[in-house]
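Residues per chain, in single letters:
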Amino acid sequence: MSEAIACKFGGSSVADAAQIGKLAAILEADARRRFVVVSAPGKRMKQDEKVTDLLLKCHSMASMHLDFRPTFEQVRERFCSISTDLGTGCIEADLDAVEHGLREGESVDWVASRGEHLHARLIASHLGARYVEAADLIHFDPDGRLDPRSYTLLGEALSGGGLFVIPGFYGAGPDGRVRTFSRGGSDVTGAIVARAVNAEVYENWTDVSGLLKADPRIVPDPAPIREVTYRELRELSYMGATVLHDEAVFPVRETGIPIQIRNTNEPSDEGTRIVATRKDSETIVGIAGRPGFSIITLEKAMMNQEHGFGRRVLEILEGHGMSYEHAPSSIDSMSVVLADEELEGREDEVLSDLRGTLQPDRLEVTRYLALIATVGQGMDHRVGVSGALFAALGAARVNVRLINQCASEISIIVGVASEDYPRAIRAIYDALADG
């Protein structure tokens, strides 16, 4: 492992010239920070629009043969303002090329990627760094997965001394055309770069000082998470508690490179460190949840002796193009948890198919549920965690509709009525994670 540090700066961290000044100061503070991945300019204020959103609007309007020029002028103003304030010179010709691409029907991926492309070139010029084109080195296979040769190509391109700037969010498909990751994909680019250069650490700079043990909109002043494992983060991310793209852990997890979530506006804050194995003794690392789930419950006498019952349930869902979240069962019943949107417009057909194929004694749907995950690698050998969790929910008068403990025993998931969701989160936090 090298002593180099790979850094990714999100949209809020590069929203204007003042933020880019903070980026430069962060790089100057540690000479090991030599590999810099940047996003397109994000929001400068609450009512502002992200440059990528503006570009996507332009593409949508252009595809409908509408006049996109007023919207594109906002993109032009953002970049010209930044370049003027940084003193990097005009980039009108580059912006003209993007506008021309819109007129000529360039793909939505190409248009969406131009925010990162232009911004990385601008920031590289400001820093006196070497610009590295992501589409030349990051490649997707025909199925849309990252081609492993990307690591070798990047490693070769990023060899030698000096500072390098790479645009996030995109690479190229087998046909050589630009292809983007899903939104927030600059996080993934940063992880790929970190692995390619065998970085000591991957620093992800954003506008918050890491993760918190619970949603601050529900729990007042929750404690910060100082250290979390890749596996624990995946459990929390599934429930929406993340400042990092879901796929960003995979490139670095395979080689054990830690991720450090840092705050561009508070660079001295410790942030959250994401590692393979957590060394601290905390049992519970975090609590996260989200509403918007439904449960399909089937009951049938002697279900456990009916070969293929569960398989047929899931095949019916698959036939309707539906994915499921959990499938707890007992000897005579089986429940399937789905996101509400999976059932929208298809509930009657699905239930009809389940009745006709499986002939259950009882079939019902429970709507408006929230799922809450209590996560921590120490739960598998700590006596009393489950007892304390359910005692806290009982004391808060929260009725538990679903219980599911993951096979790896690092999370306990409960389902509660949506109206009980905030109260349940606070009760679990106070009992298990406070302090």
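On a predicted model such as this, the values are computed, not experimentally measured, just so you know. Per chain, residue numbering runs from 1 following the sequence as it is written. The predicted origin of the model limits local features to residues at a pLDDT of at least 70 and limits the giving and counting of side-chain atom pairs to 80 or more, whereas totals for whole chains, interfaces and linings rest on all residues. Each side-chain value is derived from all of the structure's non-hydrogen atoms; neither hydrogens nor water enter the calculation.

All right, on to the packing of helix H13 (residues 385-395) against helix H14 (residues 421-433) then. Helix axes are fitted only over the stretch in contact, all axes being lines through C-alpha atoms; the angle between N-to-C directions runs from 0 to 180 degrees. Here a helix means four or more residues in a row that DSSP labels H or I, a strand means two or more in a row labelled E, and each is numbered from the N terminus. Following both chains from N to C, one finds H13 and H14 inclined at 135°, their axes separated by 9 Å at the closest point. Comparing their axes, H14 and H13 come out oblique. In this structure, the crossing between H13 and H14 has a hand that is right-handed. Residues Val385, Ala388, Leu389, Ala392 and Leu393 of H13 lie in contact with H14, whose contacting residues are Ala424, Ala427, Ile428, Ala431 and Leu432. Looking at the contact of H13 with H14 residue by residue, the class counts come to ten nonpolar, no polar and no charged. Convention used here: angles under 35 degrees read as roughly parallel, angles over 145 as roughly antiparallel, angles from 65 to 115 as roughly perpendicular, and any remaining angle as oblique. Two helices cross in a left-handed way if the nearer one is turned anticlockwise from the farther one by less than a right angle. They cross in a right-handed way if the turn is clockwise. Any two residues having at least one pair of non-hydrogen atoms within 4.5 Å are treated as being in contact. Here the term charged refers only to Asp, Glu, Lys and Arg, the term nonpolar to Ala, Val, Leu, Ile, Met, Phe, Trp, Tyr, Cys and Pro, and the term polar to all other amino acids, Gly among them.

It is worth spelling out empty space enclosed by the protein at this point. Site definitions follow a grid-based scheme: protein atoms alone, a 1 Å grid, a 1.4 Å probe that fits but cannot get out for cavities, and for pockets an open set with protein on both sides within 12 Å along at least five of seven lines, plus lining residues having an atom within 4 Å of a point. Grid points are joined across faces, edges and corners, and a volume is the space filled by probe spheres set on the points. This model, assessed by the stated rule, comprises one cavity of 30 Å³ or more. Put simply, the largest cavity is a space of about 30 Å³. The wall of the largest cavity is formed by Leu233, Arg234, Ser237, Leu244, His245, Asp246 and Val249. Element by element, the count of residues in the lining of the largest cavity is highest for helix H8 (residues 230-238), at three residues. Tallied by class, the residues present in the lining of the largest cavity amount to three nonpolar, two polar and two charged.

Here, any two strands with at least 2 DSSP bridges between them count as paired. Taken together, eight strands build an open sheet; the order of strands is E3-E4-E2-E1-E7-E9-E10-E8 and the sheet is mixed. Looking at which strands have only one partner, the edges of the open sheet turn out to be strand E3 (130-131) and strand E8 (227-229). Across two bridges, E3 lies against strand E4 (residues 164-167) in parallel orientation. Bridging from a neighbouring strand, Tyr131 pairs with Val165 of E4. Across the sheet, H8 lies against E8 and strand E10 (272-275), angled at about 90° from E8, the strand it touches most.

With that out of the way, let us pick up the sheet that holds strand E15 (residues 411-417). The antiparallel open sheet is built from five strands, whose spatial order is E12-E11-E13-E15-E14. Looking at which strands have only one partner, the edges of the open sheet turn out to be strand E12 (333-339) and strand E14 (400-405). For this sheet, the mean inter-axis angle between neighbouring strands, taken without regard to orientation, is 35°. The sheet contact formed by strand E13 (residues 362-375) and E15 spans seven bridges and is antiparallel. Bridge pairing in E15 links Val375 to Ser411. Where H8 meets the sheet, its contacts fall on strand E11 (286-299), E13 and E15, and the angle it forms with E11 comes to roughly 65°. H13 contacts E13, E14 and E15 of the sheet and is inclined by roughly 15° relative to E15.

Before going further, it helps to spend a moment on the packing of aromatic side chains. We call Phe, Tyr and Trp rings a pair once their centres come within 6.5 Å, taking the six-membered ring for Trp, and we label the pair stacked below 30 degrees between planes, edge-to-face above 60, and tilted otherwise. Counted according to the given criterion, the structure contains three aromatic pairs. With 5.9 Å between their ring centres and 10° between their planes, Phe9 and Trp205 make a pair best called stacked. Separated by 196 residues along the polypeptide, Phe9 in strand E1 (residues 5-9) and Trp205 in strand E7 (residues 201-206) bring together distant segments of the chain. For the pair Phe9 and Trp205, one class covers both residues: buried. Judged by centre distance (5.5 Å) and plane angle (15°), the ring pair of Phe35 and Phe164 falls under stacked. Burial here depends on accessible area, computed with a 1.4 Å probe over protein chains only, as a share of the maximum for the residue type. Under 20% is buried, over 50% is exposed, and the range in between is partly exposed.

Under the convention used throughout, the expected extent of a helix is 1.5 Å for every residue step, that is, one less than its residue count. Taking 1.5 Å of rise per residue, 13 residues should cover 18 Å, and helix H2 (residues 51-63) covers 18 Å from first to last C-alpha, within 8% of that figure. Of the positions making up H2, those classed as buried are Val51, Thr52, Leu54, Leu55, Cys58, His59 and Ala62. Along H2, the residues classed as buried sweep out an arc of 160° about the axis, all on the same side. Of the residues flanking the end of H2, it is His65, one or two places downstream, whose phi is positive at about 60°. Here the arc refers to the directions that run from the helix axis out to each C-beta atom.

Turning our eyes to something else, we now look at the side chain of Ser333. Here Ser333 lies in strand E12. Throughout this description, a polar contact denotes any pair of N or O atoms lying within 3.5 Å of each other; where both atoms belong to protein, one of them has to be capable of donating a hydrogen while the other can accept it, and for residues adjacent in sequence the pair is counted only when both atoms sit in side chains. Within the structure, Ser333 has its side chain in polar contact with the side chain of Ser330 (distance 2.6 Å). Discounting chain neighbours no more than four positions away, the residues touching Ser333 are Leu298, Glu299 and Met303.

On to the pattern of salt bridges, then. Between Lys or Arg on one side and Asp or Glu on the other, a salt bridge is scored when a side-chain nitrogen of the former is within 4 Å of a carboxyl oxygen of the latter. Here the structure, examined in full by the defined rule, presents 33 salt bridges. The shortest N-O distance in the salt bridge between Asp147 and Arg149 comes to 2.9 Å. Via salt bridges that share partners, Glu73, Arg76, Glu92, Asp96, Glu99 and Arg103 belong to a single interconnected network.

Proteins that are soluble and globular tend to have nonpolar side chains buried together. If you look at the biggest cluster of nonpolar residues, it comprises 94 residues, and the most contacted ones within it are Phe9, Phe72 and Leu158. Ignoring anything within four residues of it in the chain, the contact list for Phe72 reads Leu55, Cys58, Leu95, Val98, Glu99 and Leu102. Side-chain atoms within 4.5 Å are what join buried Ala, Val, Leu, Ile, Met, Phe, Trp, Tyr and Cys residues into a set we call a nonpolar core. Core analysis: the second largest hydrophobic core is formed by 25 residues, Ala214, Val219, Ile287 and Ala370 among them.

Read these as layout, nothing more, since geometry by itself doesn't imply function.
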